[in-house]
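Listed below, chain by chain, are the residues.
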Amino acid sequence: MVFRGTVTDAPDFDPSADAEALYNAMKGFGSDKEAILDLITSKSNAQRQEVIAAYKSSFGKDLIEDLKYELTGKFERLIVSLMRTPAYHDAKEIHDALKGAGTNERCLIEVLASRNNNQIHEMVAAYKDAYGSDIEEDVIADTSGHFKKMLVVLLQGTRDESGVVDGDLVEQDAQDLYAAGEEQWGTDEAKFIMILGNRSVTHLRMVFDAYEKLTELSIEDSIKNELSGDFETLMLAVVQCIRSVPMFFAKRLYKSMKGLGTADNTLIRIMICRSEIDMLDIRECFRLRYEKSLYNMIKDDTSGEYKRTLLNLCGGDDDLAGEFFPEAAQIAYKMWELSSMTKVQLRPTVRPASNFDPAADAQALRKAMKGFGTDEDAIIDIVAQRSNAQRQEIRQTFKSLLGRDLMKDLKSELSKNLERLIIGLMLTPAEFDAKMMRKAMEGAGTDEHSLIEILVTRSNEEIQAMNEAYQNGYKKSLEEAIQSDTSGHFCRILVSLVQGAREEGPADMERANADAQELADACNADSDDMEMKFMSILCTRSFPHLRKVFQEFVKCSNKDIEQIIKKEMSGDVKNAFHAIVRSVKNQPSYFADRLYKAMKGLGTDDRALIRIMVSRCEIDLFNIRKEFKDTHDASLHEFIQGDTSGDYRKTLLMLCGGED
């Protein structure tokens, strides 16, 4: 195994001299923290063990106890953890995750999904030695169901590491996984556990490819469809580690630092346990996925000696301009290949109501609004539980039966966000999109993000219907409105998209290679030419074709298309191209990200929240929910619950349709 760590054995190592330097750094009043952190992070773990031994024989004291006494807080936790051997460190993490009230499932999942057989065996032995109990028994006592079974399988450390792959068994496993999940009602979890818990990494990578050919679904999508809760999270982690351990840790590190507050235990654990193994690859994957270096993220998110120690372990700032390491280029290529091979099964959260009776619904709505006061619950229960087509029938019936305009009645009875949300649901999708475009452009400023989101994610048919609705509603063309409200290349991009003339159909391989080469060449042109070339390809080719183009682009340029856009472009043009790339890669994930941004931090962007919930609930809101959970470690339901209130919240949660 090639180690690509940032911490290696220090040359000219003298454990006695280091022990003495640490003793001097801690004696007297106050301690020299800089000296301690520089000395400890510049030695490998094996060397630190020698320093501990030398410290005891020179001074008759326990170095770890002295460090605990002298240091405090997160810095102490980090330095003391660095002094433990990897096996004892893992054992302590598992022990801490199990003890006390509540179990830290995320920690169990991260450690057990990512370690190889040898690391597992050493951890099991260290646990027995340190705590006098059996790790397997403790895990069994603290977990349940299929989640428990899979953890026990992983604790055996018996994954095949022979490297021998049997082609027939690959096909058989892919068939068995399909039969255990997608093909039947209910899921045969035992099959998933047996195959994902025991087969070799090389074998499983081939199984995942075979599974995609067989089902047109990625194994991840199947797991999200078939499993739930901690068991789902664990199986996804195992799959991610099979595909790429460094990418798995890059994602965990990002989650530990984004948003409010830092999950310091996760950050400390990963920085320590990977610093001598694959930190260089993790840094590269981090940069590939999040367009900023791990170094800068740590720098922005931590402080003091704690920060300095973490940055020493990180080992360097990857300037965005750099080429990929081979490992990351391969992962980027594979990511695009995966997204071009799989057909995502889009799943709505709102479906047509059965036994639908428009006349009864119209009467019930009238009753809810008649007289003094309004029965909001009755309105919400009807509107949020009918499909859009059914709501249009109710609108029509309301007029024919009662001679009244339902929209006017609703507007006069409801107010604020609830009114906006209910009216949004009552409009046809085209009317709603047209209204959202109008709102994004009226008044003083322009909401460019909304314009981008709508035009990038709608199909040709949806864009044409929106153009018609805009013309009918506002007596001017949407294209003219865009031209009077935006300018320059950004305006051209939007005008190109509003034509609703994107090519449709599968990728053309020969043309994809040519397109990729043209984009790669354009990266060396001046920014005007580059933007025009990007527009001519990104705004016109079909999504399946663009997936292939972006995949081949990695080969032509050794860079990822997202990074080039982030680095070479700016402002609205950058945001528009970036949105296209994100949508091509994984549209539900793009929407999940937009929802997260609408609710995180102070204040809620209600317009964005309403726009996405209304426009996606009958298309792919279920997929968006799954992506949200996967990326943000919290469910969309929890976010809405914590960020909104009253009847508005109640309606949004009905559209959301589940807690995940």
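The structure this text deals with has already been given above.
All values reported here derive from a predicted model rather than from experimental measurement.

**Comments concerning the environment of tyrosine 88**
And then number 1: Among the secondary structure elements, tyrosine 88 is positioned in helix H6 (residues 86–98).
And then number 2: Contact partners of tyrosine 88, with chain neighbours within four places excluded, come to Ala126, Asp129 and Ala130.

**Side note on helix H11 (residues 167–180)**
For an α-helix, 3.6 residues make a turn, and residues three or four places apart therefore share a direction.
And then number 1: Look at H11: 20 Å from first C-alpha to last across 14 residues, which is about the 20 Å you get at 1.5 Å a residue.
And then number 2: Every buried residue of H11 is accounted for by Val170, Asp173, Ala174, Leu177 and Ala180. For H11, the angular spread of the buried residues around the axis is 135°, confining them to a single face.
And then number 3: Residues of H11 that are buried make contact with helix H12 (189–198), helix H13 (201–215) and helix H14 (219–226).

**Overview of the side chain of glutamine 390**
And then number 1: By secondary structure assignment, the location of glutamine 390 is in helix H24 (residues 388–402).
And then number 2: Relative accessible area serves as the criterion here: at 7%, glutamine 390 is assigned to the buried category.
And then number 3: Ignoring any residue separated from it by four or fewer positions in sequence, one finds glutamine 390 in contact with Pro352, Ala353 and Phe356.

**Structural notes on the pattern of salt bridges**
And then number 1: Evaluated as defined, the whole model comprises 39 salt bridges.
And then number 2: Here lysine 68 ties to glutamate 65 by a salt bridge, and the two come within 3.9 Å at their closest N and O atoms. Of this pair, lysine 68 and glutamate 65 both sit in helix H4 (residues 63–70), 3 residues apart, roughly one helical turn.
And then number 3: A network of salt bridges, in which partner residues are shared, links Glu93, Glu110, Arg252 and Arg269.

**Here's the deal with the packing of aromatic side chains**
And then number 1: Evaluated as defined, the whole model comprises 14 aromatic pairs.
And then number 2: Relative to tyrosine 474, the ring of tyrosine 470 lies with its centre 4.8 Å away and its plane at 55°, an arrangement referred to as tilted. Within this pair, tyrosine 470 and its partner tyrosine 474 are both found in helix H29 (residues 460–474), separated by 4 residues, close to a single helical turn.
And then number 3: Tyrosine 470 sits in the buried class, given a relative accessible area of 2%.

What counts, and where the lines are drawn
Residues numbered from 1 in each chain as written. Predicted model: local features only at pLDDT ≥ 70, side-chain atom pairs only at ≥ 80, totals over all residues. Heavy atoms only, no water. Helix = DSSP H or I, 4+ residues; strand = E, 2+ residues; numbered from the N terminus. Contact = heavy atoms within 4.5 Å. Expected span 1.5 Å × (residues − 1). Buried < 20%, exposed > 50% of the residue type's maximum accessible area, 1.4 Å probe, protein only. Arc of directions from axis to C-beta. Salt bridge = Lys/Arg side-chain N within 4 Å of Asp/Glu carboxyl O. Phe/Tyr/Trp six-rings, centres within 6.5 Å; stacked < 30°, edge-to-face > 60°.

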